[in-house]
Amino acid sequence: MANRLLLIASLSLFACACKQPPRVQENLVPVDVPQFNADSAFNYTARQVEFGPRVPNTAAHKACGAYLADCLRSFGAEVTEQETTLRLKDNTPIEIKNIIGSFQPEKRIRIMLCAHWDSRPFADNAPNEADRLKPIDGANDGAGAAAVLLEIARQIGQKQPAAGVDIILFDAEDWGEPRFAMPSKHYGTFCMGSEYWAKNPHVPNYKAKFGILLDMVGAPNAAFYRDYYSMQFAPQIVKKVWEAANSLGYSDYFINKDGGGIQDDHYYVNEYRKIPCIDIIHYDTNRYADGFADYWHTHNDNMKNVDTATLKVVGQTLMYVIYNEK
Ligand code: AHN
Ligand code: ZN
């Protein structure tokens, strides 16, 4: 009798354990994605440009680096300023600073968002030879992408998404060999800051579920094609981001076609940190002979070539991806 009671009791326990609560269909619950403010991003772009060209070893660079770190801190991020000295080909030391802003550092599932914040020390594509040794504003090539990340950081400060987010502003991206002959080897390589960070992350063994790099995301009528290295290293992230953009009605900007392959900061993140990281980059061989806009690495890369409509498209797409990540 006792045994039978025990059997019934355990059977009903078993039945209870098996009875699933009604499943909440999480996928069907729309996530409330905050609105990315493109005017705010435009202002963060202008603010960086106002410092003057952000070239390592200059006062403007130092002041802007402090400004960016302060901004991230004011939005509630935990900020690491990773400073080091790197060397150009002629052995000149350059003082660089990668700036990392971490939200919810305790979260295991992390998204990494990155951009470079330095501006190119020369204008090797300038039509007028006399201008070529002068540094550029880098409003689009530098400031705009960093500004999109600042605005995203501001939004995250107001409402945390489910995932942890690390915003990484790389320094010394734009020291690559110029196309004209230099008086000396006063240049380095592209992506010096990200290569350093990828080999020496701010947190030992730093990992993220995936990464998204922004490069030149502010120009009017920009077109973002699928980058070759992004497709090699992280095709699923390209798909996720391009689908997000399309679902928001941004298919004029995010084109579902292969573009060229750019060894940008994401290349080093993939290669040395093994984090699947894509690049959203304005590179369009249909419109420009060498893929880059005709004002690229000239003094026309200024605020006239930054457009709130493009900043909105990129910023809102990222917001969608970030807030939908579980
Ligand atoms: C290369 O041309 C290998 N990288 C270009 C990366 C770049 C320069 N992005 C902006 N400026
Ligand atoms: Zn550049």
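Just so you know, these numbers come straight off a predicted model, no measurement behind them.

**Some words on the nonpolar core**
Across soluble globular proteins, you tend to see nonpolar side chains buried next to one another.
So, step 1. Counting residues in each nonpolar core, the largest one holds 63 residues, and the members touching the most others are L113, I152, I212, L214, F254 and I280.
So, step 2. A total of 11 residues in this core trace back to one element, the largest contributor, which is helix 4 (residues 139–158).
So, step 3. A198, Y206, A208 and Y229 belong to the second largest nonpolar core, which has 17 residues in total.

**Let's talk about the coordination of the zinc ion (ligand 2)**
So, step 1. Surrounding the zinc ion (ligand 2) are the protein donor atoms D141 (OD), D174 (OD), D174 (OD) and H297 (NE2), which sit 1.9 to 2.6 Å from the metal.
So, step 2. Of note, the zinc ion (ligand 2) draws all its donor residues from one chain, in the sequence arrangement D-x32-D-x122-H. Of this pair, D174 sits in the loop between strand 4 (164–170) and helix 5 (192–199) while H297 sits in the loop between strand 8 (277–281) and helix 9 (308–324), and the two are 123 residues apart along the sequence.
So, step 3. The buried category is assigned to D174, whose relative accessible area is 1%.

**A closer look at the sheet that holds strand 3 (residues 110–116)**
So, step 1. The mixed open sheet is built from 6 strands, whose spatial order is 1-2-4-3-5-8. Single-partner strands in this sheet number two, and they are strand 1 (78–87) and strand 8. Averaged over all neighbouring strand pairs, the angle between strand axes comes to 20°, with direction disregarded.
So, step 2. With 4 bridges joining them, strand 3 and strand 5 (residues 210–215) adopt parallel strand pairing. By the bridge assignment for strand 5, I111 is matched with F210.
So, step 3. The strands touched by helix 8 (residues 265–273) within the sheet are strand 3, strand 4, strand 5 and strand 8, with strand 8 carrying the most contacts at an inclination of about 175°.
So, step 4. Relative to the sheet, helix 9 contacts strand 3, strand 4, strand 5 and strand 8, its axis offset from that of strand 5 by approximately 175°.

**Observations concerning the packing of helix 5 against helix 8**
So, step 1. One can describe the packing of helix 5 onto helix 8 by two numbers: an axis separation of 9 Å at closest approach and a directional angle of 15°. Considering the angle they form, helix 5 stands roughly parallel to helix 8. By crossing handedness, the relation of helix 5 to helix 8 is classed as right-handed. Touching S194, E195, W197, A198 and K199 of helix 5 are D265, Y268, V269, Y272 and R273, all from helix 8.
So, step 2. Of the residues contributing to the contact of helix 5 with helix 8, the split by class is 5 nonpolar, 1 polar and 4 charged.

**Brief notes about the packing of helix 4 against helix 9**
So, step 1. Here helix 4 crosses helix 9 at 45°, and the two axes come no closer than 10 Å. When the axes of helix 4 and helix 9 are compared, the pair comes out oblique. With respect to the hand of their crossing, helix 4 and helix 9 are arranged in right-handed fashion. Every residue of helix 9 that contacts helix 4 at G144, V148, L149, I152, Q155 and I156 is listed here: L311, V314, G315, L318, M319, I322 and Y323.
So, step 2. Its residues placed into classes, the contact of helix 4 with helix 9 shows 10 nonpolar, 3 polar and no charged.

**Brief notes about the pairing of strand 8**
So, step 1. With 5 of its 5 residues buried, strand 8 lies for the most part within the structure.
So, step 2. Neither face of strand 8 is left uncovered, since the one carrying C277, D279 and I281 and the one carrying I278 and I280 both have all their residues buried.
So, step 3. Bridging between strand 5 and strand 8 involves 5 bridges; their strand directions are parallel. In the sheet register, D215 faces strand 8, and the bridge partner there is I281.

**Considerations on the site of ligand 1**
So, step 1. Around ligand 1 sit D141, E173, D174, F190, D215, M216, I262, Q263, D264, W296 and H297, and those are all the residues in its vicinity.
So, step 2. Between D141 and ligand 1, the recorded distance is 3.2 Å, taken from a side-chain N or O atom to a nitrogen atom.
So, step 3. The separation between a nitrogen atom of ligand 1 and a polar side-chain atom of D215 is 2.7 Å.
So, step 4. In the complex, the protein chains occlude 84% of the 320 Å² of accessible area that ligand 1 would expose alone.
So, step 5. Because more than half of its atoms lie within 2 Å of the grid, ligand 1 is assigned to the largest pocket.
So, step 6. Among the residues forming the shell around ligand 1, the class breakdown is 4 nonpolar, 2 polar and 5 charged.

**Describing the layout of surface pockets**
So, step 1. Roughly 240 Å³ of internal volume is contained in the largest pocket.
So, step 2. Around the largest pocket sit 18 residues that line it, and F190, I262, F292, W296 and H297 are the ones nearest its centre.
So, step 3. For the lining of the largest pocket, a count of residues per class yields 6 nonpolar, 3 polar and 9 charged.
So, step 4. Within this model, the second largest pocket holds a volume of roughly 190 Å³.
So, step 5. Lining the second largest pocket are K240, E243, A244, S247, Y320, V321, N324 and E325.
So, step 6. Mapped onto the lining of the second largest pocket, the elements with two or more residues apiece are helix 7 (235–247) and helix 9.
So, step 7. Among the elements that make up the lining of the second largest pocket, the one with the highest residue count is helix 7 (4 residues).

Definitions and cut-offs
- Residues numbered from 1 in each chain as written.
- Chains lettered and ligands numbered in written order.
- Predicted model: local features only at pLDDT ≥ 70, side-chain atom pairs only at ≥ 80, totals over all residues.
- Heavy atoms only, no water.
- Core = buried A, V, L, I, M, F, W, Y, C linked by side-chain atoms within 4.5 Å.
- Buried < 20%, exposed > 50% of the residue type's maximum accessible area, 1.4 Å probe, protein only.
- Helix = DSSP H or I, 4+ residues; strand = E, 2+ residues; numbered from the N terminus.
- Donors = N, O, S within 2.8 Å, 3.2 Å for Na, K, Ca; no water.
- Pairing = 2+ DSSP bridges.
- Axes fitted to C-alpha atoms, helices over the stretch in contact; angles between N-to-C directions.
- Contact = heavy atoms within 4.5 Å.
- Parallel < 35°, antiparallel > 145°, perpendicular 65-115°, else oblique.
- Left-handed = near helix turned anticlockwise from the far one by under 90°.
- Nonpolar A, V, L, I, M, F, W, Y, C, P; charged D, E, K, R; others polar.
- Near = heavy atom within 4 Å.
- Polar contact = N/O pair within 3.5 Å; in protein donor to acceptor, adjacent residues only side chain to side chain.
- Areas by Shrake-Rupley, 256 points an atom, 1.4 Å probe, with all protein chains shown as cover.
- 1 Å grid on protein atoms, 1.4 Å probe; cavity = no way out; pocket = protein on both sides within 12 Å on 5 of 7 lines; lining within 4 Å.
- Sits in = over half its atoms within 2 Å of the grid points.
- Points joined across faces, edges and corners; volume = space filled by probe spheres on them.

Any functional reading would require information that these geometric values do not contain.
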